[in-house]
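Now for the letters of each chain:
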Amino acid sequence: MRLTQQTNYAVRALMYCAANPGRPSKVAEIAASFSMSETHLFKIMKVLVDSDLMKTIRGRNGGIVLPRPAEQISVGQVVRATEESFLLAECFDSGRQDCPLVNHCGFNSVLHEALEAFLGVLDKCTIADLADNRAGIRHLLQIEDPLLPKNIAAAE
C-alpha cells in the first residue's frame, strides 16, 4: 500500500501543530518548514477541517490548531480522511466485476484482511505518538518556543 502525498503532508501538518501547542500555527510556516506548496497545503487543510482533524482560527493572530488533544487523533483517522481510495486490486472496485472469481476469490479476501490490519495498526498510533519528541521536532522545524522570549529563542 502506498499513501498519497496528501496524506503525508496532512500527517506532517498535524505533527507540526502538535509540536506547537498553545498557539495557532500559520500555513505559511508549516509549508516553509517542509518545503511544500502553500496552495497545496491549503487544499489539504480544507480536507482536515472538513474531517474535524484541524480547526481554523480567523483574525490577525489566527491560524490552525488541533481541534482536540493530539492523543485523540489517530493516524488511521487521518489516512481515512485524506486517501481517496483503498482499492488494492481491481476487484475491490464494485463497478468492475470482470473477474469470474470475484465473489469466491481467496485473494480478494486476503487483501481485505490485510487492509483492515493496516488500518488497525494506524488506528493504534496517534499524532501525539508521532510528535512525542516535541523539543526535537520544534528544533528541526525551527518553531519558536512560546515559553521563551523571542530574543532568547532566536539565540538558541
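Residues numbered from 1 in each chain as written. Predicted model: local features only at pLDDT ≥ 70, side-chain atom pairs only at ≥ 80, totals over all residues. Heavy atoms only, no water.

Focus: the overall build of the protein chain
Right, so step 1: Counting its regular elements, the protein chain contains eight helices and two strands.
Right, so step 2: Listing the helices and strands of the protein chain from first to last along the sequence gives α-α-α-β-β-α-α-α-α-α.
Right, so step 3: Classification of the 156 residues of the protein chain by burial places 37% in the buried group.
Right, so step 4: Long-range pairs, those at least 24 residues apart, make up 64% of the contacts in the protein chain with a sequence separation of at least 6.
Right, so step 5: A total of about 9,700 Å² of accessible surface is found on the protein chain, and carbon and sulfur atoms cover 53% of it. (Helix = DSSP H or I, 4+ residues; strand = E, 2+ residues; numbered from the N terminus. Buried < 20%, exposed > 50% of the residue type's maximum accessible area, 1.4 Å probe, protein only. Contact = heavy atoms within 4.5 Å. Areas by Shrake-Rupley, 256 points an atom, 1.4 Å probe, with all protein chains shown as cover.)

Thoughts on the packing of helix α4 (residues 75-82) against helix α5 (residues 106-124)
Right, so step 1: Between α4 and α5, the least distance of the axes is 5 Å, while the angle of their chain directions is 125°. With respect to α5, the axis of α4 lies oblique. Of α5, the residues touching α4 (which contributes Val75, Gly76, Gln77, Val79 and Arg80) are Leu119, Leu122 and Asp123.
Right, so step 2: Residues that form the contact of α4 with α5 fall into these classes: four nonpolar, two polar and two charged. (Axes fitted to C-alpha atoms, helices over the stretch in contact; angles between N-to-C directions. Parallel < 35°, antiparallel > 145°, perpendicular 65-115°, else oblique. Nonpolar A, V, L, I, M, F, W, Y, C, P; charged D, E, K, R; others polar.)

Some details on the side chain of serine 74
Right, so step 1: With respect to the helices, strands and loops of the structure, serine 74 is situated in the loop between β2 (63-65) and α4.
Right, so step 2: Residues in contact with serine 74, not counting those within four places in the same chain, are Leu122, Asp123, Cys125 and Thr126.

Concerning the nonpolar core
Right, so step 1: Counting residues in hydrophobic clusters, the biggest one holds 38 residues, and the most contacted among them are Ile30, Leu41, Met45, Leu48, Met54, Val78 and Ile127.
Right, so step 2: Looking at this core, the elements with two or more residues in it are α1 (5-19), α2 (27-34), α3 (38-50), α4, α5 and α6 (127-130).
Right, so step 3: In terms of residue count, α1 provides more of this core than any other element does, 10 residues in total.
Right, so step 4: Apart from residues no more than four positions distant in its own chain, methionine 54 is found in contact with Ala13, Leu14, Cys17, Met45, Leu48, Val49, Ile64, Val65, Leu66 and Pro67. (Core = buried A, V, L, I, M, F, W, Y, C linked by side-chain atoms within 4.5 Å.)

Details of the packing of α1 against α3
Right, so step 1: Interhelical geometry of α1 versus α3 gives an angle of 80° and a closest axis separation of 10 Å. The orientation of α1 relative to α3 falls into the category roughly perpendicular. The segment α1 lies against α3, with Gln5, Gln6, Tyr9, Ala10, Ala13 and Leu14 engaging His40, Leu41, Ile44, Met45, Val47 and Leu48.
Right, so step 2: Looking at the contact of α1 with α3, its residues break down into nine nonpolar, three polar and no charged.

Remarks on the confidence of the model for the protein chain
Right, so step 1: When pLDDT is averaged across the protein chain, the result is 83; 80% of the residues are at 70 or more.
Right, so step 2: The spread of mean pLDDT over the elements of the protein chain runs between helix α8 (residues 150-155), the lowest at 45, and α4, the highest at 95.
Right, so step 3: Ignoring residues within four places in sequence, the model shows residues 149-156, a span with pLDDT below 50, making four contacts including any to other chains. (pLDDT = per-residue confidence, 0-100.)

Looking at the pattern of salt bridges
Right, so step 1: For the coordinates displayed, the defined rule picks out three salt bridges.
Right, so step 2: In this structure, aspartate 52 engages arginine 68 in a salt bridge whose closest nitrogen and oxygen atoms are separated by 3.3 Å. Taken as a pair, aspartate 52 in the loop between α3 and β1 (55-57) and arginine 68 in the loop between β2 and α4 lie far apart in primary sequence, 16 residues in all.
Right, so step 3: Assessed through its relative accessible area of 44%, aspartate 52 is described here as partly exposed. (Salt bridge = Lys/Arg side-chain N within 4 Å of Asp/Glu carboxyl O.)

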